[in-house]
Amino acid sequence: MMPDTAALNATRRTAELTGLAERPAVDVVVIGGGITGAGIALDAATRGLRVVCVDKHDLAFGTSRWSSKLVHGGLRYLATGNVGIARRSAIERGILMTRNAPHLVRAMPQLVPLLGSMRRRDRALVRTGFLAGDALRRLAGTPATVLPRSRRISRDHTVELAPTVRRDGLDGGLLAYDGQLIDDARLVAAVARTAAQHGATILTYVAASQATGDAVRLTDQLSGESFDVSARAVINATGVWAADIDPALRLRPSRGTHLVFDAAAFGNPTAALTVPIPGELNRFVFAMPEQLDRVYLGLTDEEAPGPVPDVPQPTSAEVSFLLDTVNTALGTALSTEDVRGAYAGLRPLIDTGEGRTADVSRNHAVVESESGVLSVIGGKLTEYRHMAEDVLDRAVRLRGLTATECRTRDLPLIGAPGNPGWQVPAGSLHAWLPDSLVSRYGAEAANVLAAATCQRPGDPVAEGIDVIRAEFEYAVSHEGALTVEDIVDRRTRIGLVAHDRDRVLGVAGEFLAAAD
């Protein structure tokens, strides 16, 4: 069985809160349980540091669950002249796909249909961009067996990949590949659990306040109890909420909205239909095949001033924009009646004071506040590991921490081949496990069923949903789920469709009650 060190659950949470209150001195406190915070916790733990990572909500509660589920290779940034971030993105994509999380990141075909309305110049620009993407892949050392080369394809092949594409004037398509996550929230959970496997303390529903460079007050959101923790370094990784910890920070959030469809509405595509935004250079709308037989359509980039909400909401204008854009490439137009769900996330962009948010750099920065708190701001999901390494290097240097060099570049996450957790030989997985289970858990998939104590562990949680009962139990016993929302909205993504969500809430509640 998998060592208990990788399992997050209510029992472990209680024990670690008690232990921390009794011994409230650590090397590093990380505030924020999104992808950046979890990445920092993993980096710190594998350097031999005693690290605590806290979030006032759940893992991946904020921006980290609202992304496009893409691990971008940086092509867009190359087009705007930002060679540095383009190269880093391609390198980090390759690390995820070949070493850290090959079970969670796969090659996604991106299809640009060559329609009659697309000018010759625009076709040439897209093709040139895809060739530049191939060059980036080679520069990053990612083999073509992992990310195939771009190419032009025939009209028939285009229709095969995207069955609802507009047929009149269709002259084939341009096909390229990028990295696609099975799910962003699952990546966060895997990183956090791998950090726990290496000794990190991961505490959800624990709020941080009164943070300074060497201390922070922690409050258990479930019990209301508070205590102070001292640390050699306190790191703020709260994304768009970073100014809540350090009010001197200046961020410029931008909202990215996606719509959720049944895959059947797009003819069950096997490639991401990639539609150029009229009047824009190197900006596209993507209709991406996703788990649970869905397609996500995104993405917008809109200014989002004012107070930062816990759960951002799409606007009607964004919904119309996405539908209008994708319909330019479809044979039969989609309408709001086809939309099954929608979500929006806020990008934690650094405020440069000028330009559209779409043009603001996605670079990150590490900033030290007057109180000594180190904040990591900006950045993007693909570069979370690099961002964690950067801020930890800074903390080690500034605070004189005794730590080894960064080890995360070659570190397999839970479920990846080579992780010392419970595994069966990869070649035998598909012989007796559902493909959907393997795609979400990788080499850990067998343990989801082996660890189950519930009745009918292999049955779906509801008719027509390819999540089985053992996954709900595993979310509680191994993945730190403490509420029904944790289970249906983050450990699984059933909650993106309200009708499906309503059908499984009771089942999720049963597993939480059984764990009490």
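Thresholds applied
Residues numbered from 1 in each chain as written. Predicted model: local features only at pLDDT ≥ 70, side-chain atom pairs only at ≥ 80, totals over all residues. Heavy atoms only, no water. UniProt positions renumbered as here; feature names shortened; annotations may be inferred. Salt bridge = Lys/Arg side-chain N within 4 Å of Asp/Glu carboxyl O. Helix = DSSP H or I, 4+ residues; strand = E, 2+ residues; numbered from the N terminus. Buried < 20%, exposed > 50% of the residue type's maximum accessible area, 1.4 Å probe, protein only. Domains from an automatic or database assignment. Contact = heavy atoms within 4.5 Å. Buried area = accessible area lost by both parts, 1.4 Å probe. Nonpolar A, V, L, I, M, F, W, Y, C, P; charged D, E, K, R; others polar. 1 Å grid on protein atoms, 1.4 Å probe; cavity = no way out; pocket = protein on both sides within 12 Å on 5 of 7 lines; lining within 4 Å. Points joined across faces, edges and corners; volume = space filled by probe spheres on them. Axes fitted to C-alpha atoms, helices over the stretch in contact; angles between N-to-C directions. Parallel < 35°, antiparallel > 145°, perpendicular 65-115°, else oblique. Left-handed = near helix turned anticlockwise from the far one by under 90°.

- Under an unreviewed UniProt entry, the chain has the name Glycerol-3-phosphate dehydrogenase and belongs to Mycolicibacter longobardus.
- According to UniProt, the comment filed for the chain under the heading Cofactor (unreviewed entry) is "FAD".

**Describing the pattern of salt bridges**
So, point 1. This model, assessed by the stated rule, comprises 33 salt bridges.
So, point 2. Residue Arg88 pairs with Glu383 through a salt bridge whose shortest N-O separation is 3.0 Å. With a gap of 295 residues between them, Arg88 in helix α4 (residues 83-100) and Glu383 in the loop between β18 (374-378) and α10 (384-399) connect regions that are remote in the sequence.
So, point 3. Residue class for Glu383 comes out buried when judged on its relative accessible area of 2%.
So, point 4. With a shortest N-O distance of 2.8 Å, Glu318 and Arg255 are connected by a salt bridge. Of this pair, Glu318 sits in helix α9 (residues 316-327) while Arg255 sits in strand β11 (residues 254-262), placing them 63 residues apart in sequence. Residue Glu318 shares its accessibility class with Arg255, and that shared class is buried.
So, point 5. Salt bridges sharing common partners tie together Asp58, Asp486, Arg490 and Arg491.

**A look at the domain arrangement of the chain**
So, point 1. By domain assignment, the chain separates into domain 1 (10-64 + 185-249 + 360-410), domain 2 (106-180 + 251-352) and domain 3 (435-514).
So, point 2. A separation of 33 Å is found between the C-alpha centroids of domain 1 and domain 2.
So, point 3. Taken together, the contact between domain 1 and domain 2 spans 16 residues of the former and 14 residues of the latter.
So, point 4. Summed over both sides, the interface between domain 1 and domain 2 buries roughly 1,300 Å², with carbon and sulfur atoms accounting for 66% of that surface.
So, point 5. At the surface where domain 1 touches domain 2, the tally comes to zero salt bridges.
So, point 6. Broken down by secondary-structure element, the contributors of at least two residues to the side of domain 1 that touches domain 2 are β17 (364-368) and β18.
So, point 7. Residues belonging to the side of domain 1 that touches domain 2 are distributed by class as follows: eight nonpolar, seven polar and one charged.

**Comments concerning empty space enclosed by the protein**
So, point 1. According to the stated counting rule, one finds five cavities of 30 Å³ or more in the structure shown.
So, point 2. Leu8, Asn9, Ala10, Arg12, Arg13, Glu16, Leu59, Ile202, Leu203, Thr204, Gly480 and Leu482 together form the lining of the largest cavity.
So, point 3. At the level of elements, α1 (10-22) and β7 (201-204) are the ones that each hand at least two residues to the lining of the largest cavity.
So, point 4. No other element matches α1, which puts four residues into the lining of the largest cavity.
So, point 5. For the lining of the largest cavity, a count of residues per class yields six nonpolar, three polar and three charged.
So, point 6. If you add up the space inside the second largest cavity, you get close to 80 Å³.
So, point 7. In this structure, the second largest cavity is lined by His103, Leu104, Arg186, Ala189, Ala190, Arg193, Ile414, Gly415, Arg440, Tyr441, Glu444 and Glu479.
So, point 8. Mapped onto the lining of the second largest cavity, the elements with two or more residues apiece are α7 (184-197) and α12 (435-441).

**Things to note about the packing of helix α2 (residues 35-46) against α10**
So, point 1. Where α2 contacts α10, the axes come no closer than 8 Å and their chain directions differ by 55°. Regarding the angle of α2 to α10, the classification is oblique. In this structure, α2 crosses over α10, and the sense of that crossing is right-handed. In this structure, α2 uses Ile35, Thr36, Gly39, Ile40, Asp43 and Ala44 to contact α10, whose residues at the interface are Tyr384, Met387, Ala388, Glu389, Val391 and Leu392.
So, point 2. Residues of the contact of α2 with α10, tallied by class, amount to eight nonpolar, two polar and two charged.

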